[in-house]
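# Observations on the three-dimensional arrangement
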Amino acid sequence: MTLPTLPVSNVVNVQIVMAPRAAALRNFGATLIIGTSDVIDTATRIVTYAATELPDIASAFGSESPEYLAAVAFFGQSPQPTEVQIGRWAKTATSGQIKGRILSTSEQEMSRFTSIDSGAFDVTIDGEVVNVTGINLQSQSNLNGVASQITVALNSKGTCLWDGQRFIIKSATTGSTSTVSNVTNTGLSVVMGLEEGTTMVTGAAAESLVDALNAMLDRPTWYMAFVAAEYEDEDALAASAVIEAASPSRVIAYTLMDTAELDQNQTTTLGYKLAAAGYQHTLCGYSSTNPAMAASILGRMSTVDFAGSNTTLTLKFKQCPGVTAENLTLSQSNALAANNVNVFVAYDNDTSILQEGVMSGGWFIDERHGLDWLQNYVQTAVWNLLYTSTTKIGQDEVGSTDLVATVSQALEQAVTNNLVSPGVWNSDGFGALKRGDTLSTGYYVYIQPMDEQSQADREARKAPPIQCAVKLTGAIHFVDVTINVNR
């Protein structure tokens, strides 16, 4: 018999308090390829592929598809990106469909299918029951053959396909009234994974690029997007306007192939229109041969590790693997530069480089990319200070010090990765900073004194305004050398 004893906690009481998990930073390498191929439905909208799954993209979309070619250009960069997302633009109306559950490896064994010599099931397509009967799979050698048999039996009411993971039945019609549903439970539907765990997707009317982009903005998994589809200038301009206004920040890219871009006198080209609009979140690349050229630029951008040391870069002088270098005259090169259109171009010393590494509005790509990261890095750092504190950040000088220290620590990483570096401040001053002062650390952080804060802001529990000055490191793109000779 166990005698009763007193718990130690009566004398020494120890409790564990787990701090909240800090908010994660955004991924400023996450890239989306926007295409129109009828592979991804509008309900799924975005699918992620690893670099090792490039053959799967070829299998699903086709080796000549714009999506695959863009993925090749993206993954062709060195260092190589690890993954890419592909999104669906329903440029034309889509079909209703029912997607079977994903089949396991054992469920994909052909022996489960070849035993069926007279399979059948009913499926409702566009409100009408369709009888699938007389399915003999004994001679089939793969699951694509199974799908083909079902397509024939659907009698032009729809099609069946095997996507490598599951069977999908699509209606032959398109639009918002196109539907597929209610597969009956039979031996055939069971082996095909159509009897339970299915997903029904209603067809959709054709949408504009802006409509598709807004749907994808609701999925905050990407930072950069490349449009791998044919579009009108009006589509691109409207999409760039949306991206310019997007919060959190995004970037969109286009490849321009119209030779009119090379003419300095043209004012109707897309490059000219985007530059005139001053869009700082849009970048364009010109190529006469490769429609995925701009995807290669995003591929190089996506590998920048802002958490590292001396890892930021300028896009000028970089390579575009798989893209043929353009042989341009000086006037053609100047025409592209005037409209901030990037180009992979050959020089007369047997080298080729990407130039000039700019956004349509004139900012350098590395500045746009880096400052978007910096905004998120500082924002997340301050959020985590408030969120993970076990007590509170007070409205006093101690709280102010904590805020300044947190912002300063975040800016220090911008110095470490070489986005920011020491230099002279050549703008209006604030706090103790004056025009012409040297930022010895590369940055300066000022918070308004607590005793200057309005009573209304204090009662609303707002922090005093924090202002930061940062000096961008920049990059050398041009060099003049004078050689003085004496005889």
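You'll find the structure just up there.
In what follows, the accompanying structure is described. Since we're looking at a predicted model, the values are computed, not measured. (Residues numbered from 1 in each chain as written. Predicted model: local features only at pLDDT ≥ 70, side-chain atom pairs only at ≥ 80, totals over all residues. Heavy atoms only, no water.)

### Quick notes on the sheet that holds strand β5 (residues 119-125)
- Overall, antiparallel pairing links the 3 strands, which are arranged β6-β5-β9 in an open sheet. A single partner strand is all that each edge strand has here, and the edge strands are β6 (128-135) and β9 (180-181).
- Pairing geometry for β5 and β9, over 2 bridges, is antiparallel. Considered in β9, the bridge of Ile125 is made with Val180.
- Of the strands in this sheet, β5 and β6 touch helix α4 (residues 143-153), which is tilted by about 125° from β6. (Pairing = 2+ DSSP bridges. Helix = DSSP H or I, 4+ residues; strand = E, 2+ residues; numbered from the N terminus. Contact = heavy atoms within 4.5 Å. Axes fitted to C-alpha atoms, helices over the stretch in contact; angles between N-to-C directions.)

### As for the layout of surface pockets
- Estimates place the volume of the largest pocket at around 580 Å³.
- Around the largest pocket, the lining comprises 22 residues; the ones closest to its centre are Val39, Tyr49, Ala60, Asp163 and Gln165.
- Of all elements in the fold, only β2 (46-50), α1 (54-61), β4 (97-99), β7 (158-162) and β8 (167-171) reach the threshold of two or more residues within the lining of the largest pocket.
- Broken down by class, the residue content of the lining of the largest pocket amounts to 8 nonpolar, 6 polar and 8 charged.
- Estimates place the volume of the second largest pocket at around 500 Å³.
- The wall of the second largest pocket is formed by 22 residues, among which Ala229, Glu230, Tyr231, Thr255 and Pro291 lie closest to the centre.
- Going through the elements one at a time, α2 (66-75), β11 (224-227) and β12 (251-256) are the ones with two or more residues in the lining of the second largest pocket.
- Of the residues forming the lining of the second largest pocket, the biggest block, 4 residues, is contributed by α2.
- Here the lining of the second largest pocket is composed, by residue class, of 13 nonpolar, 4 polar and 5 charged. (1 Å grid on protein atoms, 1.4 Å probe; cavity = no way out; pocket = protein on both sides within 12 Å on 5 of 7 lines; lining within 4 Å. Points joined across faces, edges and corners; volume = space filled by probe spheres on them. Nonpolar A, V, L, I, M, F, W, Y, C, P; charged D, E, K, R; others polar.)

### Concerning the packing of aromatic side chains
- Summed over the entire model, instances satisfying the criterion amount to 10 aromatic pairs.
- When the centroid spacing of 5.8 Å and the interplanar angle of 35° are considered together, the rings of Phe430 and Tyr444 count as tilted. One end of the pair, Phe430, is in the loop between β16 (423-424) and β17 (438-439); the other, Tyr444, is in strand β18 (residues 443-447), and 14 residues separate them in sequence. Across this residue pair, the class does not change: Phe430 and Tyr444 are buried.
- One aromatic cluster in this structure is built from Phe113, Trp162 and Phe167.
- Between the NZ or CZ atom of Arg250 and the centre of the ring of Trp222, over which it lies, the distance is 4.4 Å.
- Here the guanidinium or amino end of Lys316 rests over the ring plane of Phe478, the centre of that ring lying 3.7 Å away. (Phe/Tyr/Trp six-rings, centres within 6.5 Å; stacked < 30°, edge-to-face > 60°. Buried < 20%, exposed > 50% of the residue type's maximum accessible area, 1.4 Å probe, protein only. Lys NZ or Arg CZ within 6 Å of the ring centre and 35° of its normal.)

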